[in-house]
Amino acid sequence: MKNYSYLMTLFAAVALTFSSCKSYDPVPENEGEVITDVILKFTELNSAGSPTGTPIEVRATDPDGLELGNGPTIETITLARGKTYLMEVSLFNSIENEDITVEIEEEKEEHQFFFLGTAFQGTAILTYAYDDEDIDGNPVGLRGIVQTIGFNTAQMRVVLRHDLNKNFTGANNPNWENFVQAGGETDLDITFPVVLN
Amino acid sequence: MSKPIVFLFSFLLIAANSFGQEECLLVLRGKVVHEENNEPIEGAYVWLIDSEKGAVTDSQGIFRISKICQGEQTLKVQYLGHKDNLEKVNIQSNMSITIRLMAEDVQLEGVEIHGHEDALLTTNTVSGIYGDELRISRGQNLGETLRRIPGVTTYSSGSSIQKPVIHGLHSNRILILNNGVRLEGQQWGADHAPEIDPFVAREISVVKGAETVRFGPDAMGGVILVNPAPLPVKGGQSGEIDLIGFSNGRGITGSVGLLGGSKKIKGLGYWIQSSSRIAGNLQTPDYMLDNTGAREFNFSGALGYSNSKLGTEVYFSHFQTTIGILTDSHTGNLSDLESIIENGRPFRTPDFTYDIQNPKQNVDHQLLKLKGHYHLADGAKLNIQYAFQRNHRQEYDRRRGELNSRPSLDLVLFTNTLDLSYNHQTRKNWNGAIGFQLIQQANSNIPGTGVVPLIPNYDMFNVGFFAIEKFTSGPLEIEGGLRYDFRHVESARVNRGGVLQEDVFDFNNFSAFIGAMYPISRNLTFNTNFGTAWRPPSINEQFSQGLHHGLAAIEIGNPDFVSEQSFKWMNTLNYSGSKVNVELTGYTNTIKNYIYLNPTEDRFVSLRGTFNVFEYLQTDAFFMGTDLSAIWTVTSHWELFSRGSIVRATNTTEDTFLPFIPTDRLETGLSYNFQTGVSENNSKISFSNLAVAKQHREPDFDLAPAPPAYMIWNLGFQTSFKMGNDKLNFGFQVTNLFDKAYKDYMNRFRYFSHELGRNVLIKLNYEF
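The model shown is predicted, which means the values in this text are computed figures rather than measured ones.

Conventions we followed
- Residues numbered from 1 in each chain as written.
- Chains lettered and ligands numbered in written order.
- Predicted model: local features only at pLDDT ≥ 70, side-chain atom pairs only at ≥ 80, totals over all residues.
- Heavy atoms only, no water.
- Helix = DSSP H or I, 4+ residues; strand = E, 2+ residues; numbered from the N terminus.
- Rg over C-alpha atoms; globule rule 2.2 N^0.38 Å.
- Buried < 20%, exposed > 50% of the residue type's maximum accessible area, 1.4 Å probe, protein only.
- Contact = heavy atoms within 4.5 Å.
- Areas by Shrake-Rupley, 256 points an atom, 1.4 Å probe, with all protein chains shown as cover.
- Pairing = 2+ DSSP bridges.
- Polar contact = N/O pair within 3.5 Å; in protein donor to acceptor, adjacent residues only side chain to side chain.
- Buried area = accessible area lost by both parts, 1.4 Å probe.
- Salt bridge = Lys/Arg side-chain N within 4 Å of Asp/Glu carboxyl O.
- Nonpolar A, V, L, I, M, F, W, Y, C, P; charged D, E, K, R; others polar.
- Patch = residues over 30% accessible without salt bridge, like charges linked within 9 Å, V, L, I, M, F, W, Y side chains within 5 Å.
- Lys, Arg positive; Asp, Glu negative; His and termini not counted.
- Charge placed at Lys NZ, Arg CZ, Asp CG, Glu CD.
- Arc of directions from axis to C-beta.
- Phe/Tyr/Trp six-rings, centres within 6.5 Å; stacked < 30°, edge-to-face > 60°.
- Axes fitted to C-alpha atoms, helices over the stretch in contact; angles between N-to-C directions.
- Domains from an automatic or database assignment.
- 1 Å grid on protein atoms, 1.4 Å probe; cavity = no way out; pocket = protein on both sides within 12 Å on 5 of 7 lines; lining within 4 Å.
- Points joined across faces, edges and corners; volume = space filled by probe spheres on them.

**Q** I'm lost on the overall build of chain B in this one. Help?
**A** When you go through chain B residue by residue, the secondary structure sums to six helices and 39 strands. For chain B, the C-alpha radius of gyration of 26 Å lies close to 27 Å, the compact-globule estimate for 768 residues. When its C-alpha atoms are laid out on the principal axes, chain B stretches across 90 × 55 × 55 Å. In chain B, which comprises 768 residues, the proportion classed as buried is 59%. When contacts within chain B are restricted to residue pairs at least 6 apart in sequence, long-range pairs at least 24 apart make up 66% of them. A total of about 29700 Å² of accessible surface is found on chain B, and carbon and sulfur atoms cover 56% of it.

Dropping the structure here:
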């Protein structure tokens, strides 16, 4: 009989444990990582290299982030032919109202932009040169100099990579098509139409 | 369908055996017990070799063989993990004998092996790894260890994460029992390896059939039982120390185990064990794999008391691991993935390091079990088992800033299980069990990941009732069982945009099985089993809605899925002669409402690039296959062994092939024993070849074609030295001897990396 009472105690303990184990109530997560807005700001530079005129802002937006739904909206880059522009990239998370540009600045040595597409191929209509560098003297691409040299319409593909080997041969070329060879992962891959007037 | 066949077959066999007998009416009765403690052994095979008659012992260790002729006969008694007993018996009249069997791998003075351990008695095919074979596989993870069993392969994500596959099924379609407790982790994930330390095991067995009736939902493809050493019941102490060094990953694994019984209180025993592992970057023949180090730390222990009526046990285990994930396997978008697949190998070429960076996994799992049984009158037995489990899984990705130190997936899963069963022996030939199983589970996402959770929080409650009955007549066993389960699930999550999504699900299911086992002759045994099994859709199949990094795909679940139903029929023929042992298994498995991930035509475009869209779908599937294992003792020195398996799996609704189905494989080896007969220091050298075919039956969509067939060679040597009462075992192994570069179809990382190159292992094992 003793043994049965032992079993009963065990059973009671078990019943207690069973009832006390519940899942948490779900809470919303702040998705701090998502990039919903990419803004390219073009400021014309005069022959002395000083800013002139009104800067042009071109946006790519995807308010859903990585959620299935509407695709991104990408504006056209419209610039004047035969000019030099300072191009500044800024990134924003509109879901959490966070400026991602600051985060990239802080981790410059792990990030790099590449500028690809037909705008830089064949009879190129654009040239790009990095105008910033990280602590190791490697380019980043948040700031760069764009020259409009061609006549055609074309496309500019903007790729942001993180965690790449910046010392890899070729990685200092902003138009390097084989950027994947330097390792790393893509954060952004946006193709903007370009029109030169 | 199979039932009449089984009965017909059994009838023919019985009939065949009863003809042509002389006036032989003697009866031999007996009892088989453990040499050490006289506790009865259930399930031992007893054979009168000359008259080709036999029996299997019941739960009291008792057997009965009738219609025996007068004269001297050879009696053979066999039991898993024990030395065969061969003796001459002169039968002149009805007689009764007692046979004592000695454990094969435990020959320790003063330590007594417990007789209360329940042997799994099933008409399904059971294959085990224990003793020397288990020692050879020490240092491998559970998946790798189990590949020694034909029909068992692995589904892996790199070389550190390997999930066992039984007859083409894995994850939630098989069940793993850690010392009798259903292991409840996040099994649904392809990159979620079982949270179990193989060093705990004294024996690992695989039941290849559907065993839902006995063990509950999910046991569709089979069940893996990881059983620790039985608790000693007599005074004394023994132990074991393992030290394993391996070249690939420059790693080391160590384990210590102690086993003992109280001298003061008879029946009180314990064991404790701990193991640890550290390894760095792994190496393929041509390059190093970035961030593939691993750490593991585990401990476990048990304490038990038993007497002739009562048995109790407390068991605790802790498993903890940190695994680095190949950095290149995390791709940003589809074009990244396509580039690396085209490259065929990772872009990064790192140096060796022990450091583990993101992406990585931190997993820990605790299990506490309380178990008791009580022997009632007439051989009946009452069993109760309660277990509590906590599984904590954290997955880290490469992220910006402060987020890098936060997991992107942080799940904690609590599981309570309660098993109650009553075993009875109503009449001589009938015995069985009725039981009740309760599973309660609470899964929570720990807030603060900064990622919308992949799966919701949920509470699950499952109650099952079962009855199993076995009829034994001489050597023939027929067994059947029935089970009913009810499952209730409540899930909740907050979607993007802060919308609370709550769902409630109920699932019901009946499962049943029938099986039979019959020794056709003294060398040949046949068993057959037909079983149904079920599996409710797993939480990711219902709710996934997000990015899967490794596949650069958005996966979409479906909350309306119904349960999968499987019908598995398996037949095994086992021949064991003096020189040759062959086991041949054939099976078919029809699965209704089989859930799989199907690529769609859609592409999802975002600022991060393009992604494939995969959706979970239900279809009907058909699996069939065979397993073969053969050992031929050529001379007393030479032994030849071979094991192979074939699986075919189709989506019968679409008439296409299913993805990630194991390819045909054959392992053949030759070993040389330096000593013949029973020797204290047995030295053995073995050389084996593994040939794996190309998967020609590919699904319509795959990211890359199936890799070509490959062949690798392995070498092994082991010897042992007796040191007083202690024993030192030494092992030397080389896997992938010729450093061959190859890819395996069953590895998800095959798209962009090769399998491991040569690995040299040195193993020291000290028993005291």
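**Q** Help me understand the pairing of strand 1 (residues 37–45) of chain A, please; the structure alone is not making it clear to me.
**A** Regular strands place side chains that alternate from one sheet face to the opposite one. Residue and element names in this part refer to chain A. Taking burial as the measure, the nine residues of strand 1 include seven buried ones, the bulk of the element. Bridging between strand 1 and strand 2 (residues 51–61) involves eight bridges; their strand directions are antiparallel. Directly across from Asp37, in strand 2, lies its bridge partner Thr61. Two successive antiparallel strands, strand 1 and strand 2, enclose a turn made up of five residues, where Gly49 displays a positive phi of approximately 85°. Examined bridge by bridge, strand 1 and strand 5 (residues 84–93) share nine bridges and lie antiparallel to one another.

**Q** What am I meant to see in the environment of Asn362 of chain B here?
**A** Residues and elements named next belong to chain B. On the secondary structure map, Asn362 appears in strand 20 (residues 360–375). A residue is classified by how much of its surface remains accessible, and Asn362, at 19% relative accessible area, is buried. Note: C-alpha distance between Asn362 and Thr322 (40 residues apart in sequence) is 4.5 Å. At a separation of 2.9 Å, a polar atom in the side chain of Asn362 contacts the side chain of Thr322.

**Q** Just to check I follow, could you spell out the interface of chain B and chain A for this structure?
**A** One widely used convention gives an interface's size as the accessible area the parts lose upon coming together. Facing the 63 residues of chain B at the interface are 57 residues of chain A. Interface of chain B and chain A: buried area, both sides summed, is about 5000 Å²; carbon and sulfur atoms make up 60% of it. Between the two partners, chain B and chain A, sit eight salt bridges. Arg398 of chain B is paired through a salt bridge with Asp163 of chain A; the nearest N and O atoms lie 2.8 Å apart. In this assembly, chain B and chain A are joined by 17 residue pairs in polar contact (both at pLDDT 80 or more). By residue class, the composition of the side of chain B that touches chain A is 31 nonpolar, 23 polar and nine charged.

**Q** Is there a simple way to explain a negative patch on the surface in this structure?
**A** Taken together, the side chains of Asp25 of chain A together with Glu490, Glu502 and Asp506 of chain B make up a negatively charged region of the molecular surface. Tracing the sequence through the fold places Glu502 of chain B in strand 26 (residues 500–519). Given the relative accessible area of 58%, Glu502 of chain B is considered exposed.

**Q** Explain helix 5 (residues 334–343) of chain B here, please?
**A** Helical periodicity: at 3.6 residues per turn, an α-helix aligns residues three or four positions apart in one direction. Every buried residue of helix 5 of chain B is listed here: Leu334, Asp336, Leu337, Ile340 and Ile341 of chain B. One side of helix 5 of chain B holds all its buried residues, which, seen down the axis, span an arc of 155°. The elements touched by buried residues of helix 5 of chain B are strand 10 (154–162) and strand 11 (185–196) of chain A together with strand 31 (580–606) and strand 32 (609–633) of chain B. Gly344 of chain B occupies a position one or two residues after helix 5 of chain B and carries a positive phi of about 75°.

**Q** What exactly am I supposed to notice about the packing of aromatic side chains here?
**A** The relation between two aromatic rings is expressed through the spacing of the ring centres and the mutual angle of the planes. All names here are of chain A. Within the structure shown, the criterion is met by 29 aromatic pairs over all chains. Summarising the aromatic geometry, the rings of Phe114 and Phe179 are spaced 5.7 Å apart at their centres and angled 20° between planes, so their arrangement reads as stacked. Taken together, the residues span a long stretch of sequence, with Phe114 in strand 7 (residues 111–116) and Phe179 in the loop between strand 10 and strand 11 at a distance of 65 residues. A ring pair is formed by Tyr128 and Tyr130, whose centres lie 5.5 Å apart and whose planes are at 90°; its orientation type is edge-to-face. Exposure remark for Tyr130: the relative accessible area of 16% places this residue in the buried category. Among the aromatic residues, those joined into a ring-pair cluster are Phe113, Phe115, Tyr128 and Tyr130.

**Q** Would you take a moment to explain a nonpolar patch on the surface for this structure?
**A** Residue and element names in this part refer to chain B. Together, Phe297, Phe299, Leu303, Val314, Phe316 and Leu368 line one region of the surface with nonpolar side chains, adding up to about 460 Å² of accessible area. Counting only elements with at least two residues in the nonpolar patch, the list comes to strand 18 (294–306) and strand 19 (310–324). Here the nonpolar patch takes three residues from strand 18, the largest share from any one element. Residue position: Phe299 is located in strand 18. Residue Phe299 is classed as partly exposed on the basis of its relative accessible area, which comes to 33%.

**Q** Any chance you could explain the sheet that holds strand 3 (residues 53–56) of chain B here in plain terms?
**A** Backbone hydrogen bonds hold the strands of a sheet together, and the pairing may be parallel or antiparallel. Residue and element names in this part refer to chain B. Read from one edge to the other, the open sheet built from four strands follows the order 3-2-5-6, with strand pairing classed as antiparallel. What marks the edges here is a single partner per strand, and that holds for strand 3 and strand 6 (85–91). On average, each strand axis in the sheet is inclined to that of its neighbour by 20°, with strand direction left out of account. Bridge analysis of strand 2 (residues 45–48) against strand 5 (residues 71–78) gives four bridges, and the strand direction is antiparallel. By the bridge assignment, Val46 is partnered in strand 5 with Val77.

**Q** Before we go on, may I ask you to explain the domain arrangement of chain B in this structure?
**A** Entries for chain B in the domain assignment read domain 1 (2–101) and domain 2 (126–767). Between the C-alpha centres of domain 1 of chain B and domain 2 of chain B there is a distance of 35 Å.

**Q** Got a minute to help me understand empty space enclosed by the protein in this structure?
**A** Residues and elements named next belong to chain B. On inspection of all chains with the given rule, the structure shows 14 cavities of 30 Å³ or more. Roughly 270 Å³ of volume is contained in the second largest cavity. Around the second largest cavity sit 20 residues that line it, and Asn172, Gln441, Tyr458, Arg487 and Ser538 are the ones nearest its centre. Counting residues per element, the ones that place at least two in the lining of the second largest cavity are strand 24 (457–473), strand 25 (476–494) and helix 6 (539–543).

**Q** In this structure, what is going on with the pattern of salt bridges? I would like to understand it.
**A** If charged atoms from side chains of opposite charge come close, those side chains can pair. For the structure on display, the rule yields 37 salt bridges over all chains. Measuring nitrogen to oxygen at the nearest pair gives 3.2 Å for the salt bridge that ties Lys166 of chain A to Asp134 of chain A. Of the two residues, Lys166 of chain A is situated in the loop between strand 10 and strand 11 and Asp134 of chain A in the loop between strand 8 (126–130) and strand 9 (143–148); the sequence distance between them amounts to 32 residues. Per residue, the accessibility class of Lys166 of chain A equals that of Asp134 of chain A, and both read buried. Salt-bridge contacts for Asp328 of chain B lead to Arg348 of chain B; the nearest nitrogen and oxygen are separated by 3.5 Å. Of this pair, Asp328 of chain B sits in the loop between strand 19 and helix 5 while Arg348 of chain B sits in the loop between helix 5 and strand 20, placing them 20 residues apart in sequence.

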